[in-house]
Structure formats: C-alpha cells, structure tokens
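Each chain, letter by letter, is given below.
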Amino acid sequence: ATAFPTVQAGIDAASAGDEVWVAAATYVGKVQLKAGVALYGGFAGNETQLDQRDWTNHPTILDGNRARGVVGVGAGATNTTRIDGFIIQNGGAGTTVGDSGGIVCISASPVIANNVIRTNRAKLGGGVYCDRSFAIISSNSIVGNIASECGGGLYFTRSGLWVEGNTITGNRATNQTSVVWGGGVYCSITPSNWTICLTNNTIPSNACSAGGGGIECSGGSRVVITRSRISSNSAGPAGGGVEISSA
C-alpha cells in the first residue's frame, strides 16, 4: 500500500547506499539509475530480506515500448550503482546513440548482473552500450538484440570492463544498405592501460554481415578472452567466431 507508483519514483527518492526493491510486474518507459543506488527486481512483494527474492519466478520487466532506451546510467556512477534481476526489453532505436537499446553507460561504471536483456534495438550496442566505462557485466542472458551498425549484443568503446558468466546468443548486427560488425560483442579503442576481460561467457548463434559474428575486436582494442565457448556464429567475409582487426 505504501509502494512507489513507478520505478523511477523509487529511484528518485533513494540516496547513495540505498536499495530499491521492485515487485514483479511490467513497467513501461525509461529508467534512469542514480549513482550509489542499487536497483533489484524479482520480488513478490512480501520479502523482508534481499536473498528471499526469486527473479526467475517473479519476473520484473522494464519495457522500453520501442520508443527509446530502457535503462540509462548517469555519468560518474561507480560499481556501487547496480541493476540486478530484471528483464530489460524492447528498447527502441531512439534519436541518439546514448538514448537507445537496452542499457546505456556513458562515463558510468555500474554492476549489471542477473538480468535478461532481450529484443532491444540500437545503432550501436543493441543490448548494452558502454563508453568510457569500467562496468561489471555478470551472469546476464543477452538475447535477440539488434544493432544497425555494430555490436548486436554488446558494444564497448574507450572502456575497461569485466564481462563474466554471461550467455550472449541470437544477437545480430545487420543493415540492409551497408556491412556491419560484431554480432555478439564489439570492442574498440581501449586505452593502453585498460583491458576488456571476457571470461566464462557462452557466445553462440550470433550473426553480422561483415566480421566478427561472435566477437569483433578492432580499432586498437585490448581484449582478453578466456574460458569461453564461442560456437555457431556467422559473419560475412571474416571471423565467424572472432575477428581481430587492428587490435
């Protein structure tokens, strides 16, 4: 009876160090995370402890309604900012790179964990877009997202990230008028003292029209790939699984 009427209202009322718990339902519209606030989904509504939630049986859906991006993260946010236990879907192409797709991190470094990120669309990074970010992306299912240029599932640029234990499948980088790269993951322009670490991920059945059906590493990116299964991906002329170009 005393719950906030919207997810955003709960976030806006929170202060750094707070947790916002979200009951199972479908919430339509964009959510903007706040620095230092953790957003958790998967609640029936009667829990008193965080570990009582069940995000599998109590799906909490953030739906972009194809109008714009679903989740934005404010500049300056660190790993004390978190989004955990949601289905994040139907982000639209938006009008700018920073306002489209599933989750957008620009100069922000949240923890993104235990989510299903699906059926989002963007120019770059259909599922997740990170620019100048040290985000931790862990234990998510990133499925069926589309980019019209690069990075159907994930797009990383000018960033140093930890990407672990995710399933990245059925994503596409596709454009009817030009060739595009990185069906599953696209990495570029990593500063010399940073590294993108991809470990313990499962990356099957992604596709693009140019190179890097599973993973594309280009433009001076520094990427470490360990203990990952990369299978059944497809690309145009090069790198059905992985393409490394100027990396």
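Figured I'd write up the structure that's included with this text. (Residues numbered from 1 in each chain as written. Predicted model: local features only at pLDDT ≥ 70, side-chain atom pairs only at ≥ 80, totals over all residues. Heavy atoms only, no water.)

**Observations concerning the overall build of the protein**
The number of helices and strands found in the protein is one helix and 28 strands. Taking 247 residues into account, the globule formula puts the C-alpha radius of gyration at 18 Å, and the protein, at 17 Å, falls close to it. Projected onto its principal axes, the C-alpha coordinates of the protein cover approximately 60 × 35 × 35 Å. Across the 247 residues in the protein, those meeting the buried criterion constitute 49%. Nonlocal contacts in the protein, meaning residues at least 24 apart in sequence, comprise 77% of its contacts between residues at least 6 apart. Taken as a whole, the protein presents about 10,100 Å² of accessible surface, with 50% of it coming from carbon and sulfur. Positive and negative charge centroids in the protein, built from 15 and 14 side chains respectively, lie 7 Å apart. (Helix = DSSP H or I, 4+ residues; strand = E, 2+ residues; numbered from the N terminus. Rg over C-alpha atoms; globule rule 2.2 N^0.38 Å. Buried < 20%, exposed > 50% of the residue type's maximum accessible area, 1.4 Å probe, protein only. Contact = heavy atoms within 4.5 Å. Areas by Shrake-Rupley, 256 points an atom, 1.4 Å probe, with all protein chains shown as cover. Lys, Arg positive; Asp, Glu negative; His and termini not counted. Charge placed at Lys NZ, Arg CZ, Asp CG, Glu CD.)

**A closer look at the packing of aromatic side chains**
Tallied over the entire structure, the rule returns four aromatic pairs. Ring plane angle 5 degrees and centroid distance 5.3 Å describe the contact between Tyr129 and Tyr155, whose orientation is recorded as stacked. Of the two residues, Tyr129 sits in strand E13 (residues 128-131) while Tyr155 sits in strand E17 (residues 154-157), which places them 26 residues apart along the sequence. Overall, Tyr129 belongs to the buried group, its relative accessible area being 7%. (Phe/Tyr/Trp six-rings, centres within 6.5 Å; stacked < 30°, edge-to-face > 60°.)

**Quick look at the pattern of salt bridges**
Enumeration according to the criterion identifies five salt bridges in this entry. Arg53 is paired through a salt bridge with Asp84; the nearest N and O atoms lie 2.6 Å apart. One end of the pair, Arg53, is in the loop between strand E4 (38-43) and strand E5 (60-63); the other, Asp84, is in strand E7 (residues 82-84), and 31 residues separate them in sequence. Considered together, Arg53 and Asp84 belong to a single accessibility category, that of buried residues. (Salt bridge = Lys/Arg side-chain N within 4 Å of Asp/Glu carboxyl O.)

**Details of unusual backbone geometry**
Even without being glycine, Ser139 reaches a positive phi, approximately 60 degrees. In this structure Ser139 comes out as partly exposed when scored by relative accessible area, which is 37%. A positive phi angle is found at Arg158, which is not glycine, with a value near 50 degrees. By secondary structure assignment, the location of Arg158 is in the loop between E17 and strand E18 (162-164). Note on Arg158: relative accessible area 36%, which makes it partly exposed.

**Re the sheet that holds strand E1 (residues 19-23)**
Sheet architecture is open: eight strands sit in the order E1-E4-E7-E10-E14-E18-E22-E26, paired in parallel fashion. Of all the strands in the sheet, the pair left with one neighbour each is E1 and strand E26 (223-226). Neighbour-to-neighbour, the strand axes of this sheet turn through a mean angle of 10 degrees, independent of strand direction. One ladder, built from three bridges, connects strand E14 (residues 136-138) with E18; its direction is parallel. Paired with Ile137 across the two strands is Val163, which belongs to E18. (Pairing = 2+ DSSP bridges. Axes fitted to C-alpha atoms, helices over the stretch in contact; angles between N-to-C directions.)

**Some remarks on a nonpolar patch on the surface**
On the surface, Ile225, Val242 and Ile244 cluster together into a nonpolar patch covering about 250 Å² of accessible area. Note on placement: Ile225 falls in strand E26. Taking relative accessible area as the criterion, Ile225 reaches 34% and is therefore assigned partly exposed. (Patch = residues over 30% accessible without salt bridge, like charges linked within 9 Å, V, L, I, M, F, W, Y side chains within 5 Å.)

**Some thoughts on the nonpolar core**
Core analysis: the biggest nonpolar cluster contains 39 residues, and Leu39, Leu62, Ile83, Ile88, Ile103, Ile137 and Phe156 have the highest contact counts within it. Counting six residues, the second largest nonpolar core, distinct from the first, contains Val104, Leu124, Cys150 and Tyr155. (Core = buried A, V, L, I, M, F, W, Y, C linked by side-chain atoms within 4.5 Å.)

**With respect to the sheet that holds strand E25 (residues 215-218)**
In spatial order, the strands read E3-E6-E9-E13-E17-E21-E25-E28; together these eight strands make up an open sheet with parallel pairing. Each of the sheet's edge strands pairs with one partner strand only, and the pair in question is strand E3 (31-33) and strand E28 (242-245). Neighbour-to-neighbour, the strand axes of the sheet open up by a mean angle of 10 degrees, direction not taken into account. Pairing of E13 with E17, which is carried by four bridges, proceeds in the parallel orientation.

**Description of the pairing of strand E9 (residues 103-106)**
One ladder, built from three bridges, connects strand E6 (residues 71-73) with E9; its direction is parallel. Each bridged residue has a counterpart across the sheet, and for Val73 the counterpart in E9 is Cys105. Bridge count for E9 against E13 is four bridges, and the pairing is parallel. Residue pairing across strands places Val104 opposite Tyr129, the latter belonging to E13.

None of this, on its own, says anything about what the molecule does.
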